Amino acid sequence: MNKTRRIKIIAAKPGLDGHDRGIKVVARALRDAGMEVIYTGLHQTPEDIVNAVIQEDPDVLALSLLSGAHNTLCPIIMEKLHEKNIDDVLVVVGGIIPRKDTSFLQKKGLTGFFGPGTPLQIIVDFIKSNLKR
Amino acid sequence: MTELDDFLKELTKWEENILGKSINGKEMRQTQFKNLSDIDIKGLFTPLDIKETKYIEKLGFPGQFPFTRGAYPSMYRGQFWTMRQFAGMGSAEQTNKRYKFLIGHGQTGLSVAFSLHTIYGYEASDKRALGEIGKEGVAIDTLKDMEILFDGIDLSKISTSMTINAPASILLSMYIAVAGKQGISPEKLRGTIQNDILKEYIAQKSWVFPPEPSMRLIVDTIEYCTKYVPQWYPISISGYHIREAGSTAVQELAFTLADGFAYVEAAIKRGLNIDDFAPRLSFFFNSHNNFFEEICKYRAARRIWAKHMRNKYNAKKKESIRLRFHTQTAGVSLTAQEPENNIVRVTLQGLAAVLGGTQSLHTNSFDEALCLPTEKAAKIALRTQQIIAYESGVADTVDPLAGSYYIEWLTDKMEQQAEEYFRRIEELGGVIPAIHKNFFQTEIANAAYKYQREIDSNKRFIIGVNKFQSEKFELPELLAIEEAVSEHQINRLNEIKKNRDNEKVNILLTKLKEAAKGTENLIPYILDAVKEYTSVGEIIESLKEVFGVYREKQII
């Protein structure tokens, strides 16, 4: 990618989970690292999130779930992105994702899992070095 | 020379000769020592720091204005705090089993965690509920689920706390209806319903309706309970979620009490007498890592509440003026790294709550940064507070830390800083206008970011996370909620809808909507509807037609 262009990120909270402390802290850290961050707010359906991706054309989609609905909602989001031929957006996820679920989610195309206690710099660095375009 | 002059002379001598020589140019661990509210903590507190303290005015005796030393005269010498572990997962059957397990191990009160679809008032079959059913709490759609949840548990013998907010009036009605089926009348019921919508907009974010109609439903509940369910606490004014969302201890203290004052004002505006409803207001605080700061927070909370209730709102009864609270240890402080260490964190936090005079306590399970608690983890959590109660001796005398120069200084300091916040909130027009202006949300987001930055830059340490990390640690056995719970819940809901008197349900929902357009108390209408197995979702949808829904303005 053109290195002078700012990395653009959509940060989204799928499902009914209201725990937004993590995603807001991460969103601010990404912004402070020079990236453009759009936060969708809470309670987004997979359709809402995919529509936001279509409209904004981000480099990264950062999801956050702490409710336990990740195995249901993340694959639906990935399928809907794929249906729209969106395969060059890096999709990362934070929150409470048990280790045994990450391999399942990896198969669905998610990369980058950031659980509780992850230093913000690790997330910034991961995104910078794993962009798909 | 006065006594004070003498003291100052001795102090200066000590600072120069003893302390100065001992330090002798050595560096301290930190240049500054700050607690989680960013209050600078000096190395030594002395009588000088509390020289203004007039005992009777500032501390009083326990059970007496301003209640700094405790809500009751003999506190835990009579009985320990209520040991109330928050629990709920999967189906009503599964949670009923967990309740019986906890009661069997000496738990003295129930505390219900609800599924997210129940919390938002969606039916299990709604597409918004996809993937969420039973994952964070017990799935409840109709009275049938509540009957199963409390099956075999005598509701006249146990007190129950229910963590539910937007649909609080509906779940309370269901509880009254279940008790009715057990042959227990409402005036015998003991328990608490969270029903604190202001902190939802501020922090926890499980709202449905806009603030104004939500406040009406809350005052309806308070009014109804005051008349018909007199032993019930119709609201638990909560700082817990404000803290979990990232606030400091002072912000938790200030925002929670500000919410409390807003409810008092709303109930007075309805025409209720303060001394009729105020004795049934209850509070819910967090207990985080900084031990003394937490203890001072509880002591300051009691004093602030007492002063405002007596001086500003003219409450007369002792019961209206004394603040009583539940405490839960800080979920956000639990680490996913080396999770067994959380048992130690919870012990310290639980101890702080007890030294601060809590009326009931939930101690977190060590695996909660990873999953809902397993039976093993839940049992250790309960045992933790039983050990504090029965083995440590800390409960044998009331408010044992009173008189400590540091404790009294910090209690004063936190009170002053909370008062400063009350002034700022008032300048913004009160709590609801401040919510619309994103005041609380911004304060909390800033504090959360600062806290994370301090950890990332090693200004604060979390063992196993940024200090003494282990490359490898064992993960405990994790609890997973079966996907089959969803199907089971949807099937039961469909079954209920097929067999109930649907014509009657429709009539009751129409009546509810009509009443919602006016100013009548809505609880009797909701109670009639739940008795006919109307679902939480149907009632919420009907009320949405009249009240509309809340939309949050986004901030990062």
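Tracing the sequence through the fold places Gln251 of chain B in helix H10 (residues 249–270). At a separation of 2.9 Å, a polar atom in the side chain of Gln251 of chain B contacts the main-chain amide nitrogen of Thr248 of chain B.

Chain A puts 40 residues into the contact, and the matching count from chain B is 44 residues. Here chain A and chain B share an interface that buries about 3,300 Å² over both sides, 56% of which is from carbon and sulfur atoms. Contact with chain B buries surface across chain A, with Leu16, Arg21 and Arg28 of chain A losing the most and accounting together for 26% of the total. At the junction of chain A with chain B, the criterion picks out 1 salt bridge. The interface formed by chain A and chain B holds 14 residue pairs in polar contact (both at pLDDT 80 or more) in total. Elements supplying a minimum of two residues to the side of chain A that touches chain B: helix H1 (21–32), strand E2 (36–39), helix H2 (46–56), helix H3 (70–83), helix H4 (99–107) and helix H5 (120–130) of chain A.

With that settled, consider empty space enclosed by the protein. Taken as a whole and judged by the stated rule, the model has 3 cavities of 30 Å³ or more. The computed volume of the largest cavity comes to approximately 110 Å³. Counting residues per element, the ones that place at least two in the lining of the largest cavity are H1 of chain A together with helix H7 (198–204) and helix H18 (439–456) of chain B. Among the elements that take part in the lining of the largest cavity, H18 of chain B stands out by supplying 5 residues, more than any other. Here the residues of the lining of the largest cavity are counted per class, giving 9 nonpolar, 1 polar and 5 charged. Lining the second largest cavity are 14 residues, with Tyr76, Val354, Leu355, Gly357 and Asp399 of chain B positioned closest to its centre. A class-by-class count of the residues in the lining of the second largest cavity yields 8 nonpolar, 3 polar and 3 charged.

Residue and element names in this part refer to chain B. Relative to the assigned elements, Leu334 resides in the loop between strand E8 (325–329) and helix H14 (341–355). On a C-alpha basis, the gap between Leu334 and Ser365 in space is 9.1 Å, while along the polypeptide they are 31 residues apart. Every residue in contact with Leu334, bar those within four places of it in the chain, is listed here: Asn342, Val346, Asn364, Ser365, Glu368 and Ala369.

So, about the sheet that holds E2 of chain A. Residues and elements named next belong to chain A. Spatial strand order, E2-E1-E3-E4-E5: 5 strands in an open sheet with parallel pairing. Here the strands that pair on one side only, and so sit at the sheet edges, are E2 and strand E5 (113–114). Pairing between strand E3 (residues 60–65) and strand E4 (residues 90–95): 6 bridges, direction parallel. Counted as the bridge partner of Val60 is Leu90 from E4. Sheet strands in contact with H3 are E3 and E4, and its direction is about 160° off that of E3.

Criteria and cut-off values
Residues numbered from 1 in each chain as written. Chains lettered and ligands numbered in written order. Predicted model: local features only at pLDDT ≥ 70, side-chain atom pairs only at ≥ 80, totals over all residues. Heavy atoms only, no water. Helix = DSSP H or I, 4+ residues; strand = E, 2+ residues; numbered from the N terminus. Polar contact = N/O pair within 3.5 Å; in protein donor to acceptor, adjacent residues only side chain to side chain. Contact = heavy atoms within 4.5 Å. Buried area = accessible area lost by both parts, 1.4 Å probe. Salt bridge = Lys/Arg side-chain N within 4 Å of Asp/Glu carboxyl O. 1 Å grid on protein atoms, 1.4 Å probe; cavity = no way out; pocket = protein on both sides within 12 Å on 5 of 7 lines; lining within 4 Å. Points joined across faces, edges and corners; volume = space filled by probe spheres on them. Nonpolar A, V, L, I, M, F, W, Y, C, P; charged D, E, K, R; others polar. Pairing = 2+ DSSP bridges. Axes fitted to C-alpha atoms, helices over the stretch in contact; angles between N-to-C directions.

Function cannot be read off these values alone, since they describe shape.
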